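For reference, the chains in residue letters:
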Amino acid sequence: MINGSKKVLGLIGHPVEHSISHIMYNAAFEYMGLDNIYTLFDVSKNNLPNVIKGAKSLCIMGFNVTIPYKTDIIKYLDVVDGLANAIGAVNTIKFENIVGEDTNNNNNNLNHDNHNILAKGFNTDGIGDLRAISEVSSVKDKKILILGAGGASRAVAFQLAISGVEDIVILNRTEKNANILVKGIENSLSSFENFKNPIANLSSGSLNNIKNEIKNSDILINTTSVGMYPNINQNPLVKNDLMHSDLIVHDLIYNPLETGLIKEAKISGAITISGLKMLLYQGVESFKIWTGLDSPVKVMEDAIINAI
Ligand code: ATR
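Given the structure is predicted, the values throughout are model-derived calculations rather than measurements. (Residues numbered from 1 in each chain as written. Predicted model: local features only at pLDDT ≥ 70, side-chain atom pairs only at ≥ 80, totals over all residues. Heavy atoms only, no water.)

A.B. asks: Whenever I open this one, helix α6 (residues 175–190) confuses me. Can you help?
C.D. replies: With 16 residues, α6 extends 23 Å between its outermost C-alpha atoms, agreeing within 8% with the 22 Å of an ideal straight helix rising 1.5 Å per residue. Turning to α6, its buried residues are Ala178, Leu181, Val182, Gly184, Ile185, Ser188 and Leu189. Projection of α6 onto a plane perpendicular to its axis shows the buried side chains occupying an angular sector of 165°, all on one side. Summarising the geometry of α6, the exposed residues directed more than 90 degrees from the buried face are Lys176, Ile180, Lys183, Asn187 and Ser190. As for α6, its buried residues are in contact with α3 (82–87), α5 (151–161), β8 (167–172) and β9 (201–206). (Helix = DSSP H or I, 4+ residues; strand = E, 2+ residues; numbered from the N terminus. Expected span 1.5 Å × (residues − 1). Buried < 20%, exposed > 50% of the residue type's maximum accessible area, 1.4 Å probe, protein only. Arc of directions from axis to C-beta. Contact = heavy atoms within 4.5 Å.)

Here is the structure:
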């Protein structure tokens, strides 16, 4: 039920109409009896500079940020968490009172004076995806093959690089982009000290190297848009004859739930992880940042499955 006291959260991006995040979070808020509501904000590029100021005036509780603003939003935030800073992208924003009270307690109201509210940025994409993978396997000392070199690849590769993985190979259609990504991650890692594990070895190449690299890989992650709705019949980048039954195949695409790549993996006997899990666990991490509470994972997962 909508009443006057609901605290508002939302997704900012462009376009946002195909998102199902609101369904996932609102199911969780309702189940937990929290007086919050999550909605979608389609923000034009021209309006991005005003979004944080406007949100503070309206006492918005938090945002998720999606394409194309995950990097551009950073300059409008007051504080950026170390991991988000190192990844170079923010997907979660929490608005907090400077004076120490924050929105963790759902009864707290944000101070209406803009100057007393801080916008803090976080990135939950990598940590969410690590949790998705960790459900089926430890990543410690593993060799991970990542296809694609965009923003999602960067968040996932960075998180894996600090999580005890031994080797990360990033292959991309445009080899140059994979080289640039690996250099960028290595630079960020050198100034990022907030971890205990040794850093993974990183290398890059073109998609022509898949056959060679996949042989001794433990986990294959697709971060490209190949096979994403509406192009569901697009040829997957890897067919079953190159996969082995000890491989874990993870597609970040969640629509469709079973992509061409996941179908190929099932034929080969590999373990599969659908993109639904990354969507779910990055949301679980964002929920924790906003509310301080553990989220009802099953409720959120069922909501996503029903929405797709
Ligand atoms: P995101 O931020 O979601 O990761 P992105 O930055 O647009 O999205 O990255 C898309 C990735 O998918 C890129 O690595 C892209 O490869 P290029 O660098 O060569 O553009 C990859 N990609 C997109 N379509 C592809 C296709 N048909 N075949 C292979 N790779 C593709």
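A.B. asks: Is there a simple way to think about the packing of α5 against α6 in this case?
C.D. replies: For any two helices packed against each other, the geometry is given by the interaxial angle and the distance between the axes. Put simply, α5 and α6 touch, their axes get as near as 11 Å, and they point 45° apart. As judged from the angle between their axes, α5 and α6 are oblique. In this structure, α5 crosses over α6, and the sense of that crossing is right-handed. The residues of α6 that touch α5, namely those facing Ser153, Arg154, Ala157, Phe158 and Ala161, are Leu181, Gly184, Ile185, Ser188 and Leu189. In the contact of α5 with α6, the residues fall into six nonpolar, three polar and one charged. (Axes fitted to C-alpha atoms, helices over the stretch in contact; angles between N-to-C directions. Parallel < 35°, antiparallel > 145°, perpendicular 65-115°, else oblique. Left-handed = near helix turned anticlockwise from the far one by under 90°. Nonpolar A, V, L, I, M, F, W, Y, C, P; charged D, E, K, R; others polar.)

A.B. asks: Explanation requested: the sheet that holds β9 in the structure shown.
C.D. replies: By way of backbone hydrogen bonds, the strands of a sheet pair with one another, either parallel or antiparallel. The strand order β9-β8-β7-β10-β11-β12 describes an open sheet built from six strands, whose pairing is parallel. Of all the strands in the sheet, just β9 and β12 (271–273) have a single pairing partner and so form its edges. Shown here is a sheet whose adjacent strand axes are inclined to one another by a mean of 20°, direction ignored. The pairing of strand β7 (residues 143–147) with strand β10 (residues 219–222) spans four bridges and is parallel. By the bridge assignment, Leu145 is partnered in β10 with Leu220. Taken strand by strand, helix α8 (residues 260–268) contacts β10, β11 (248–251) and β12, and its axis lies near 165° from that of β11. (Pairing = 2+ DSSP bridges.)

A.B. asks: In this structure, what is going on with the sheet that holds strand β1 (residues 7–13)? I would like to understand it.
C.D. replies: Read across the sheet, six strands follow the order β2-β1-β3-β5-β6-β4 without closing on themselves; strand pairing throughout is mixed. Two strands lie at the open edges of the sheet, namely β2 (36–42) and β4 (79–80), each paired on one side alone. As defined by bridge partners, strand β3 (residues 62–65) adjoins strand β5 (residues 92–97) across three bridges and the pair is classed as antiparallel. By the bridge assignment, Gly62 is partnered in β5 with Lys94. Across the face of the sheet, helix α9 (residues 275–291) comes into contact with β1, β2, β3, β5 and β6 (117–122) while running at roughly 5° to β5.

A.B. asks: Sorry if this is basic, but what is going on with the environment of Ile305 here?
C.D. replies: Mapped onto the elements, Ile305 comes out in helix α10 (residues 297–307). Residue classification places Ile305 among the partly exposed residues on the basis of a relative accessible area of 35%. Considered as a pair, Ile305 and Gly13 are 292 residues apart in the sequence and their alpha carbons are 22 Å apart.

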